[in-house]
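Notes for the structure review
These are the residues of each chain, in order.
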Amino acid sequence: MVTVSTANEAQLVTQAQNGDRNAFSELVRLHAQGVLNVIYRMCGDVQLAEDAAQETFIRAWQNLSSYRPQTSLRNWLYRIAVNAGTDMLRKEKRIVPDAIEDLHLSDGQPGLESLLLQQERTVSVQKAILSLPDASRAVLVLREYEGLSYQEISSTLDIPLGSVMSRLSYARSLLKAKLEPQLSLLEAEHV
Amino acid sequence: MSNHVSEWLNAYYDGELKGARLHQVEEHLAACEACQAEFESLQGLSALLQEAPTAQFISNERFVSQVNLRLPQRRVSATRQKLFEVGWWMAPVGLLMIWIFISTTIFISDMVSAANKFGLLDDAAPLLVSDSSAGMWTSTLRQFGLLEGEGLQWAERIEIYTRNVLPQFVWQVSIAMLYLTWIAISWVRQRRQGQVPLLES
């Protein structure tokens, strides 16, 4: 993961706000992976995640003057990313990759069964995440995959702390219900 | 059961609890099998979610190039934006100055009229005070004999009122309306900035 000091990032932001495209490219380089991950976890489609991530940075460039340097740039970008991902998903109506179908027919290799099981679980997880309401899905992704604190999620999505807690709890209880077979299987594997 | 800690388990699992609440949940978990099972199911769910690998995206360099190609060539420069911001926040100051100027003018005008009534202006009176009691259209009505007596007196009062009081009222209301509009637009702008960029249509 690319890291950069806060001072350096602040300097890049100032330069980009003054129209420096190279400075902005550097910011894109620093935050691309995080933004791509957030969107991918929200939509489960690589192509859609890349499109929405590009859209995220274009919106960020167009609205950079409204970014307040005292807040976290990463969280500001995540917020745009969540919106861009949700918009794109609604527009494209593209659902989870069906890589699992490609693997079904070619069996006979050792270890393929477990690989297949894991693939199947991955697809089930992505489908379950995708079935969550937009608001809960965003909170879940930011917490589970990006490790943001409740306070960070609250300021990123501009929602009260109580809503972060309730949406996360709701998302997790829905996922537990939807992924019950996979959870049992995982538990059995680890026993 | 009401003494279970289900509602706090997510926050406990995420390390978001502190102080007495943390202590309460820890104590309860040590003694309650149902809550322990629920806590373990949270751990299991996280493990399952983490198991799903992240995707292989295009290289960072290629992604940056693609974004660069799509970046709009022209955007409002930060300097122009800053100037606009300064102008925007100066708007209420301008309104306040206009209000002070008008109020001061009206106050001085009232003071001069009062001084004139008490005969304090002597020779300077014709220079400073216009004869506001002689209304233009009531004089015309009088000349043509269209109004007389009490009717004429009422018409004169109405004309004096409309000439002296109404403009003050209109000014004050106009400035207040402009200020309220400015507050409303500022509020909308702040909400938009807080919510972060929406797609341009």
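Small disclaimer: the values here were computed from a predicted structure and weren't measured.

The number of helices and strands found in chain B is eight helices and zero strands. When the helices and strands of chain B are placed in sequence order, the string is α-α-α-α-α-α-α-α. The proportion of buried residues among the 201 residues of chain B is 9%. When contacts within chain B are restricted to residue pairs at least 6 apart in sequence, long-range pairs at least 24 apart make up 48% of them.

The subject of this paragraph is the overall build of chain A. Helix and strand content of chain A: ten helices and zero strands. Secondary structure elements of chain A, listed N to C terminal, follow the sequence α-α-α-α-α-α-α-α-α-α. Considering chain A as a whole, with its 191 residues, one finds that 41% of them fall into the buried category. Across chain A, contacts joining residues at least 24 apart in sequence account for 65% of those joining residues at least 6 apart.

So, about the packing of helix α8 (residues 150–157) of chain A against helix α9 (residues 161–178) of chain A. Residues and elements named next belong to chain A. Viewed as axis vectors pointing N to C, α8 and α9 meet at an angle of 105 degrees, and their least axial separation amounts to 9 Å. When the interaxial angle is binned, α8 and α9 end up roughly perpendicular. Where α8 abuts α9, its residues Y150, Q151, I153 and S154 lie against L161, V164 and M165. Of the residues assigned to the contact of α8 with α9, the class counts are five nonpolar, two polar and no charged.

This brings us to the interface of chain A and chain B. Listed per partner, the contact involves 48 residues of chain A and 39 residues of chain B. Elements with a minimum of two residues in the side of chain A that touches chain B: α2 (21–43), α3 (46–62), α4 (73–92), α6 (112–130), α7 (134–144), α9 and α10 (180–190) of chain A. Looking at the side of chain A that touches chain B element by element, the count peaks at nine residues for α3 of chain A. Of the residues in the side of chain A that touches chain B, the class split is 19 nonpolar, 16 polar and 13 charged.

I39, A53, A81 and V139 of chain A are the most contacted members of the largest nonpolar core, which totals 64 residues. Considering each element in turn, this core owes the most residues, twelve residues, to α2 of chain A.

With that out of the way, let us pick up unusual backbone geometry. At D158 of chain A, a position not held by glycine, the phi torsion is positive, near 55 degrees. For D158 of chain A, a count of 12 C-beta atoms within 10 Å gives the class exposed.

This brings us to helix α3 (residues 33–51) of chain B. All names here are of chain B. Relative to the 27 Å expected for 19 residues at 1.5 Å per residue, α3 spans 27 Å between its end C-alpha atoms, a close match to the ideal helical length. Among all positions of α3, only C35, L45, L48 and L49 are buried. The buried residues of α3 occupy an angular sector of 135 degrees when the element is viewed end-on, so they sit on one face. Opposite the buried face of α3, at more than 90 degrees from it, the exposed residues are E33, A37, E40, Q43 and Q50.

With that settled, the discussion passes to α6 of chain A. Residues and elements named next belong to chain A. Taking 1.5 Å per residue, 19 residues should reach 27 Å; α6 reaches 27 Å between its end C-alpha atoms and fits that length. Those residues of α6 not exposed but buried are R121, T122, V125, Q126, A128 and I129. Along the long axis of α6, the arc covered by the buried residues comes to 165 degrees, so they all point the same way.

Packed helix pairs are characterised by how far apart their axes lie and by the angle those axes make with each other. Residue and element names in this part refer to chain A. For the pair α7 and α8, interaxial distance at closest approach is 10 Å and the crossing angle is 135 degrees. Classified by the angle their axes make, α7 and α8 are oblique. Crossing handedness for the pair α7 and α8: right-handed. Here A138, V139, L142 and R143 of α7 lie close against α8, whose contacting residues are I153, T156 and L157.

Taken over all residues, the pLDDT of chain A has a mean of 86, while the share at 70 or more is 86%. In this model, residues 98–107 of chain A is a region of pLDDT below 50 whose contacts with residues beyond four sequence positions or in other chains number seven contacts.

Time to look at the environment of S155 of chain A. When you line up the elements, S155 of chain A lands in helix α8. Spatially, the C-alpha atoms of S155 of chain A and W76 of chain A are 8.9 Å apart, while their sequence positions differ by 79 residues.

Attention now goes to the environment of H31 of chain A. Among the structural elements, H31 of chain A can be located in helix α2. What H31 of chain A contacts, discounting residues up to four positions off in sequence, is R74 and L77 of chain A.

Another aspect to go through is the confidence of the model for chain B. In the predicted model, chain B carries a mean pLDDT of 80, and 82% of its residues have values of at least 70. Contacts from residues 196–201 of chain B, a stretch scored under 50 in pLDDT, to residues over four places away or in other chains number twelve contacts.

Parameters and conventions
- Residues numbered from 1 in each chain as written.
- Chains lettered and ligands numbered in written order.
- Predicted model: local features only at pLDDT ≥ 70, side-chain atom pairs only at ≥ 80, totals over all residues.
- Helix = DSSP H or I, 4+ residues; strand = E, 2+ residues; numbered from the N terminus.
- Buried ≥ 20, exposed ≤ 12 C-beta atoms within 10 Å, placed from the backbone.
- Contact = placed C-beta atoms within 7 Å.
- Axes fitted to C-alpha atoms, helices over the stretch in contact; angles between N-to-C directions.
- Parallel < 35°, antiparallel > 145°, perpendicular 65-115°, else oblique.
- Nonpolar A, V, L, I, M, F, W, Y, C, P; charged D, E, K, R; others polar.
- Core = buried A, V, L, I, M, F, W, Y, C linked by C-beta atoms within 7 Å.
- Expected span 1.5 Å × (residues − 1).
- Arc of directions from axis to C-beta.
- Left-handed = near helix turned anticlockwise from the far one by under 90°.
- pLDDT = per-residue confidence, 0-100.

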